[in-house]
Amino acid sequence: MVFVASEELLPGMCLAKNIIIDKSASPITVKSGQKLTDLHISAIRTAKLDGAYIDTASSDVRVISSVDQPIRREAVSELHDIADNFINGINGVQKSDIAKLTGTIHDMIINLQLQKDMLVNIAEVQIYDDYTYHHCLSVAIMSIAIGMELGMSGEMLQDIGMAGILHDLGKVAIPTDIINKPGPLTDEEYEVVKQHPVLAAKHLKERDLINDDVYCGIICHHEKLDGSGYPNHLEGEEIHPYAKILAVADVYDALTSNRPYRVPSPPNEAIEYIMGGLDSHFDENAVKAFLRKVAPYPLGSKLKLSNGETAYVIKNYPDQPLRPVVAVIGTDKVYDLSFDMSCMSIVIMEMLDEGGHNRSLINM
Ligand SMILES: [Fe+2]
């Protein structure tokens with residue numbers, strides 16, 4: 001179940017809770033289980049209701065998703081095939097592998113363009129065990145969204161999507177006991193890990209499977225503006241613009257994901273970390289576009305507030321991503337955490353899953 005703002009309700013969505021439309025002397029109750037029609041939606045909007053709780057399981061329409069699940073599954077499956085050929089294939093990654101992925105990235109871009117004004121719901125990348133593949137997908141989606149926000153052309157979006165989805169391919173060539181080591185790496189191990197951008201980028205470029213821009217995006221995604229990154233210690237303008245965008249998406253997703261050796265940071269801490277790295281690590285334009293486009297608390301997510309109450313997110317402000325409008329569960333209270341002065345002291349403590357548990361307990 002998620003709360004869907006009234007302007008985003010669609011015919012066919014299935015109500016998860018009764019709503020009362022009280023715009024005249026004779027209020028209408030629309031019962032849970034009812035599929036919404038155009039008439040219901042128009043009545044909800046006329047009555048100025050904030051929205052309705054929608055049953056995601058029985059609705060036959062997509063409620064909130066920046067990229068459709070079949071496309072996500074396709075992308076991850078194609079990435080698996082590419083990784084397999086990268087490691088085990090006699091001739092390595094094939095042209096046909098990249099051609100398929102190119103088509104899927106095109107579908108992802110179309111999906112995101114259809115929802116141009118929506119924030120990207122990062123938390124919708126949910127429970128998966130093969131972290132690297134889904135991390136690559138998240139980074140691709142976020143990077144395309146940031147590129148769109150920066151006004152990139154279709155060709156550039158295609159390139160940045162390709163760089164995003166392949167950026168960590170080299171990790172599959174690194175021993176898993178190093179990649180998943182539950183603790184600090186030795187200097188020798190760290191040197192091995194630092195090879196991953198080079199391994200994939202070189203393999204793909206040598207086979208003429210990627211262009212120079214995608215190559216630079218992949219190989220530079222761990223470079224930092226102050227020259228302290230790797231593998232080539234590039235500085236400022238020496239770093240390709242795609243890599244600057246990938247770096248923001250990569251770090252945000254890595255920090256907010258659950259790993260065997262680390263609990264995830266809440267979105268606000270991850271964003272504070274990124275803001276703290278402006279100038280030294282991250283490019284300002286990439287970070288600003290990221291903050292305008294990414295919803296750390298997606299619509300419908302459940303939050304624990306500092307006053308002890310639990311609430312659903314019912315609206316996000318692109319310029320205030322950490323202070324959404326929330327509806328307190330079990331009450332009629334709505335807090336606008338950005339603009340209602342009486343709510344300024346309320347702090348979001350954590351994001352909960354549907355069972356009321358901290359998301360950090362879920363393997364994202
Ligand atoms: Fe990486």
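Residues numbered from 1 in each chain as written. Predicted model: local features only at pLDDT ≥ 70, side-chain atom pairs only at ≥ 80, totals over all residues.

Draft legend 1. Spotlight on the overall build of the protein chain. Scanning the protein chain from N- to C-terminus turns up twelve helices and eleven strands. Looking at the 364 residues of the protein chain, the share that counts as buried comes to 41%. (Helix = DSSP H or I, 4+ residues; strand = E, 2+ residues; numbered from the N terminus. Buried ≥ 20, exposed ≤ 12 C-beta atoms within 10 Å, placed from the backbone.)

Draft legend 2. Region of interest: the nonpolar core. Among the nonpolar cores identified, the biggest contains 87 residues, and Ile 144, Ile 165, Val 248 and Val 326 are the most heavily contacted of them. Of the residues forming this core, the biggest block, eleven residues, is contributed by helix α4 (residues 131-149). With sequence-adjacent residues up to four places away left out, Ile 165 is seen in contact with Ala 75, Leu 79, Leu 101, Ile 105, Cys 136, Leu 137 and Ala 140. (Core = buried A, V, L, I, M, F, W, Y, C linked by C-beta atoms within 7 Å. Contact = placed C-beta atoms within 7 Å.)

Draft legend 3. Main features of the packing of helix α10 (residues 241-256) against helix α12 (residues 284-293). Two numbers describe how α10 lies on α12: the axes approach to 9 Å, and their chain directions differ by 50°. By the criterion of interaxial angle, the relationship of α10 to α12 is oblique. As for how α10 packs across α12, the hand of that crossing is right-handed. Along its contact with α10, which presents Lys 244, Ile 245 and Val 248, the element α12 presents Ala 286, Val 287 and Phe 290. (Axes fitted to C-alpha atoms, helices over the stretch in contact; angles between N-to-C directions. Parallel < 35°, antiparallel > 145°, perpendicular 65-115°, else oblique. Left-handed = near helix turned anticlockwise from the far one by under 90°.)

Draft legend 4. Representation of helix α2 (residues 69-88). With 20 residues, α2 extends 28 Å from end C-alpha to end C-alpha; this agrees with the ideal 28 Å at 1.5 Å per step. Buried within α2 are the following residues: Arg 72, Ala 75, Glu 78, Leu 79, Ile 82, Ala 83 and Phe 86. Along the long axis of α2, the arc covered by the buried residues comes to 145°, so they all point the same way. Opposite the buried face of α2, by more than 90 degrees, sit the exposed residues Gln 69, Pro 70, Arg 73 and Asn 88. (Expected span 1.5 Å × (residues − 1). Arc of directions from axis to C-beta.)

Draft legend 5. Structural detail: the environment of Leu 234. Relative to the elements of secondary structure, Leu 234 occurs in the loop between α9 (212-219) and α10. With 14 residues separating them along the chain, Leu 234 and Cys 220 place their C-alpha atoms 8.1 Å apart. Apart from residues lying up to four places away in sequence, Leu 234 is in contact with Cys 220, Glu 223, Gly 227 and Ile 239.

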